[in-house]
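Spelled out, the chains give:
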Amino acid sequence: AFVEPLRDLQHGACFYCEKAIRSSEQAKGVVDHFVPWSRYEVDFGHNFVLADDRCNAAKSDTLAAVAHLERWWRRNDDHGAQLGVVFDKKGLLHDLKASTRITRWAYESAEHSKAQVWESGKNFVSLGQEWRGILGAA
């Protein structure tokens with residue numbers, strides 16, 4: 001139910017690699033939890049992004065690198081209200097402030113544990129403190 005609204009918002013491209021997602025019946029894209037379900041088991045709509053199969057599988061249950069975090073934050077800052085209307089129509093729970101707090105908590109936890117974050121393909125990088133400037137964490 002959320003593939004098409006996310007596809008429209010992302011202009012048919014994967015959130016992560018920004019390449020066009022084919023719109024065949026077999027490959028319409030995958031709705032991915034930006035903060036993985038394994039870290040927070042609530043389906044808040046603003047946490048969803050559309051990914052292609054390869055990026056979704058490669059990211060798996062890890063946090064995304066800072067460049068992706070910044071794009072996620074900008075997307076929600078620019079289009080959060082528009083997405084909220086779509087989520088209301090589809091009956092999906094959403095709370096942008098809560099999604100942002102959860103994301104801040106997840107990245108803070110990853111920083112403290114010196115976790116690697118997914119960048120692309122099989123590439124993982126160390127998470128520094130630069131994420132704090134994006135989410136306003138002190």
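Residues numbered from 1 in each chain as written. Predicted model: local features only at pLDDT ≥ 70, side-chain atom pairs only at ≥ 80, totals over all residues. Heavy atoms only, no water.

A few words on the overall build of the protein chain. Per the secondary structure count, the protein chain includes five helices and four strands. Helices and strands in the protein chain line up, N terminus first, as α-β-β-α-α-α-β-β-α. In terms of overall size, the protein chain behaves like a compact globule, its C-alpha atoms giving a radius of gyration of 14 Å where 138 residues would be expected to give roughly 14 Å. Along the longest, intermediate and shortest principal axes, the C-alpha atoms of the protein chain span 40 × 30 × 25 Å. Every one of the 138 residues in the protein chain was classed for burial, and the buried ones make up 46%. Contacts in the protein chain between residues at least 24 apart in sequence constitute 66% of all its contacts with a sequence separation of at least 6. Carbon and sulfur atoms make up 51% of the accessible area of the protein chain, which amounts to about 7500 Å² in all. Each charge class in the protein chain was averaged separately, 18 positive and 19 negative side chains, and the resulting centres sit 1 Å apart. (Helix = DSSP H or I, 4+ residues; strand = E, 2+ residues; numbered from the N terminus. Rg over C-alpha atoms; globule rule 2.2 N^0.38 Å. Buried < 20%, exposed > 50% of the residue type's maximum accessible area, 1.4 Å probe, protein only. Contact = heavy atoms within 4.5 Å. Areas by Shrake-Rupley, 256 points an atom, 1.4 Å probe, with all protein chains shown as cover. Lys, Arg positive; Asp, Glu negative; His and termini not counted. Charge placed at Lys NZ, Arg CZ, Asp CG, Glu CD.)

What the rule picks out here adds up to one cavity of 30 Å³ or more. Taken as a whole, the largest cavity holds about 60 Å³ of empty space. It is helix 4 (residues 96-112) that contributes the most residues to the lining of the largest cavity, three residues altogether. (1 Å grid on protein atoms, 1.4 Å probe; cavity = no way out; pocket = protein on both sides within 12 Å on 5 of 7 lines; lining within 4 Å. Points joined across faces, edges and corners; volume = space filled by probe spheres on them.)

Turning our eyes to something else, we now look at the nonpolar core. Core analysis: the largest hydrophobic core is formed by 37 residues, its most contacted members being Y16, F34, L69 and Y107. For this core, the secondary-structure elements that each account for two or more residues are helix 1 (3-9), strand 2 (48-51), helix 3 (66-90), helix 4, strand 3 (116-120) and helix 5 (131-135). (Core = buried A, V, L, I, M, F, W, Y, C linked by side-chain atoms within 4.5 Å.)

Residues F48 and L50 line one face of strand 2 and the alternating positions V49 and A51 line the opposite face, and both faces are buried. Across four bridges, strand 1 (residues 30-33) lies against strand 2 in antiparallel orientation. Paired with V30 across the two strands is A51, which belongs to strand 2. (Pairing = 2+ DSSP bridges.)

So, on to the packing of aromatic side chains. Tallied over the full model, the rule gives eight aromatic pairs. Both rings, one in F15 and one in Y16, keep their centres 5.3 Å apart while their planes meet at 90 degrees; by these two values the pair is edge-to-face. We classify Y16 as buried; its relative accessible area is 4%. A centroid spacing of 6.2 Å and a plane angle of 35 degrees characterise the contact between Y107 and W131, whose relative ring orientation is tilted. On the criterion of sequence distance, the pair formed by Y107 in helix 4 and W131 in helix 5 is long-range, its members being 24 residues apart. Comparing Y107 with W131, the two get one shared label, buried. Among the aromatic side chains, those forming a connected cluster through ring pairs are F15, Y16, F34, W72 and W118. One residue, R71, lies across the ring of F15, its end atom 5.2 Å from the ring centre. (Phe/Tyr/Trp six-rings, centres within 6.5 Å; stacked < 30°, edge-to-face > 60°. Lys NZ or Arg CZ within 6 Å of the ring centre and 35° of its normal.)

The end-to-end C-alpha distance of helix 4, which contains 17 residues, comes to 24 Å, matching closely the 24 Å that a straight helix rising 1.5 Å per residue would cover. Every buried residue belonging to helix 4 is among A98, S99, T100, I102, T103, A106, Y107, A110 and E111, and all of these are buried. Among the structural elements, helix 3 and helix 5 are those in contact with the buried residues of helix 4. Where helix 4 begins, the side chain of D95 points an oxygen toward the backbone nitrogen of K97, at a separation of 3.2 Å. Looking one or two places after helix 4, you find K114, whose phi comes out positive at around 55 degrees. (Expected span 1.5 Å × (residues − 1). Polar contact = N/O pair within 3.5 Å; in protein donor to acceptor, adjacent residues only side chain to side chain.)

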